[in-house]
Amino acid sequence: MNRSTRRFPILFLLACIVSLLYLATVILLLNLNETNTINDGKYINGEEFVLDPTVISKNAVVKLTMSSVVDEEQYTATSSSLSLEYNKKLKQSMLPYSNVSTAAYRHSFWAGFCNQYMMFVGMIILAKEENYSQLLVESIRWKDTYGTNLQIRHDLLFDVVHWNSYYPSLPRIVSHKQDLMSDVYITGGDTSPRITWKVPIENSSRPHFLGQKQTSAIHAYLSYEKKVSKKNMKRLSFEIDIMKDAFQPHPEIQAIINGFLQEGLNGSKFMVLHARIEPDMQKHSRCLPLKVVSFQHIIRLLEAEFVDPPVSTLIIILNRELLEKEVNNPKSNNTLAEENLQVLNHVMTHGLWGGRVKVVEAGSKLAIESRHEIYSKYSTLTGGIINFFISLQANIFVGTEVSSYSSALVKSRFFRNKKDNYFYVPQGLKRATPLDATDPPVFAC
């Protein structure tokens, strides 16, 4: 065998090794492009996904800057990694104390978001009156009314870690622990749990029950508000804590809000208009002299009050789905709903004040676009939460005193020192919170 023949097996072996290394490199790169894990500079399906920061806080922003839509499994993986540190804090924060009294709320909330918010505050009033220091989180459920009509556990929607930092001013929200709460057991899964009482409910003490009737919480809230408005009692400090800061959205919802305000609006000044023009408000029979259900009329009032636009962006909050459902109903002959939808679509395209002010929607749209495994599914409720907390940050808020939603927002904004608030009435805009006001207006419709 000559020298060149002896060299051939060695060259062939080297060529094979090089080919295998090349193939391994290609496979590795392909896997990197398809990964669901997100770090700085990583990609999902070839599209850049920028996440800043990795731990959600009040200032966190989720930046969805993709040209294609992320599928649900990918978002779930992102959401899980995003909330890992918060969930550790949450688990620790919700551990129940053994030496204080605990109650479970017997009923779930219902109606729109702000009516449920009033029920939530009413539940806290009841707990304070009956000296309960802890509330079982599995018993606090919010309803995705007008959407799926399913119920969602409180700690999936709101920041319980932050809330519990207000203890003992506010009752702690805690998770079920069998040895401390042996009179009940939990079924139904993590999103919408159910409580079953092992003993007659009136005899239960581990935990106690809260709320004699389905309406107990809302009655407690309305009764309290009536006493405050008539000066029969002072507003309680714990309620002011709730309105000022204690009641906050879940950090993942807050991140959606931050992303919208910082990326979508570029941090510019904005106004929120709560246009309560949906078909159910057309039928609403109370406070008729205060109602305005023509969107065109509301816009005229707005542009008459502010001759020069005070902001560069206006966010409209309303339930577009209800409006479109009415218009698309072949049995409906609601010409005002048709007109309102046409005006809404027009201003979304052309803006207001001659095109100088951009008009956008938030709410359910942001919840759906987030592709979050929970928030995109329960988008009606989540959309109401998103709109509520966006509105708290607005430079100017315009709503209607006929709506509990507008009234709750004005009330919370007042205690957050946001006093540029207006109600629209048929004659024009009026200040809801005059600069010299010592208390916010009371909802009476």
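Because the structure is predicted, anything quoted here is derived from the model rather than measured.

Caption draft 1: Molecular detail of the sheet that holds strand β5 (residues 102-105). One open sheet holds the four strands; their spatial order is β9-β6-β5-β12, and the pairing between them is parallel. The strands lining the two open edges of the sheet, one partner per strand, are β9 (172-174) and β12 (208-210). Adjacent strand axes in the sheet meet at a mean angle of 40°, parallel and antiparallel pairs treated alike. Strand direction decides the pairing type here: β5 and β12, joined by three bridges, are parallel. Opposite Tyr-105, over in β12, you have Leu-210 as the bridge partner.

Caption draft 2: Representation of the nonpolar core within the structure. The biggest cluster of nonpolar side chains holds 78 residues, and the ones touching the most others in it are Phe-113, Phe-120, Met-123, Trp-142, Ile-315 and Ile-390. It is helix α4 (residues 113-129) that contributes the most residues to this core, twelve residues altogether. Non-local contacts of Phe-120, meaning those with residues more than four positions away in its chain, are made with Phe-109, Ile-140, Trp-142, His-154, Trp-163 and Phe-247. Ranked by size, the runner-up nonpolar core spans 30 residues in total, among them Ala-275, Leu-302, Leu-352 and Tyr-422.

Caption draft 3: The environment of Val-272, seen in detail. Here Val-272 shows up in strand β13 (residues 270-274). Val-272 sits in the buried class, given a relative accessible area of 0%. For the pair formed by Val-272 and Thr-313, sequence separation is 41 residues and the distance between their alpha carbons is 8.7 Å. Those residues within four positions of Val-272 in sequence are excluded, and the remaining contacts are Ile-315, Ile-317, Ile-390, Ser-391, Ala-394, Ile-396, Phe-397 and Val-398.

Caption draft 4: Structural context of the sheet that holds strand β16 (residues 396-399). Taking strand neighbours across the sheet as the criterion, the six strands line up as β15-β14-β13-β16-β17-β18 in an open arrangement whose pairing is mixed. On the outer flanks of this sheet lie β15 (358-361) and β18 (428-431), each paired with one strand and no other. Here the strands of the sheet are splayed against their neighbours by 25° on average, with no regard to which way each runs. Pairing of strand β14 (residues 313-317) with β15 involves four bridges; the strand directions are parallel. Paired with Leu-314 across the strands is Val-359, a residue of β15. Against the sheet, helix α12 (residues 335-350) touches β14 and β15, its axis set at about 120° to β15. Strand contacts of helix α15 (residues 404-415): β13, β14, β16 and β17 (421-425), with the helix running at about 150° to β16, the strand carrying the most contacts.

The rules behind the values
- Residues numbered from 1 in each chain as written.
- Predicted model: local features only at pLDDT ≥ 70, side-chain atom pairs only at ≥ 80, totals over all residues.
- Heavy atoms only, no water.
- Pairing = 2+ DSSP bridges.
- Helix = DSSP H or I, 4+ residues; strand = E, 2+ residues; numbered from the N terminus.
- Axes fitted to C-alpha atoms, helices over the stretch in contact; angles between N-to-C directions.
- Core = buried A, V, L, I, M, F, W, Y, C linked by side-chain atoms within 4.5 Å.
- Buried < 20%, exposed > 50% of the residue type's maximum accessible area, 1.4 Å probe, protein only.
- Contact = heavy atoms within 4.5 Å.

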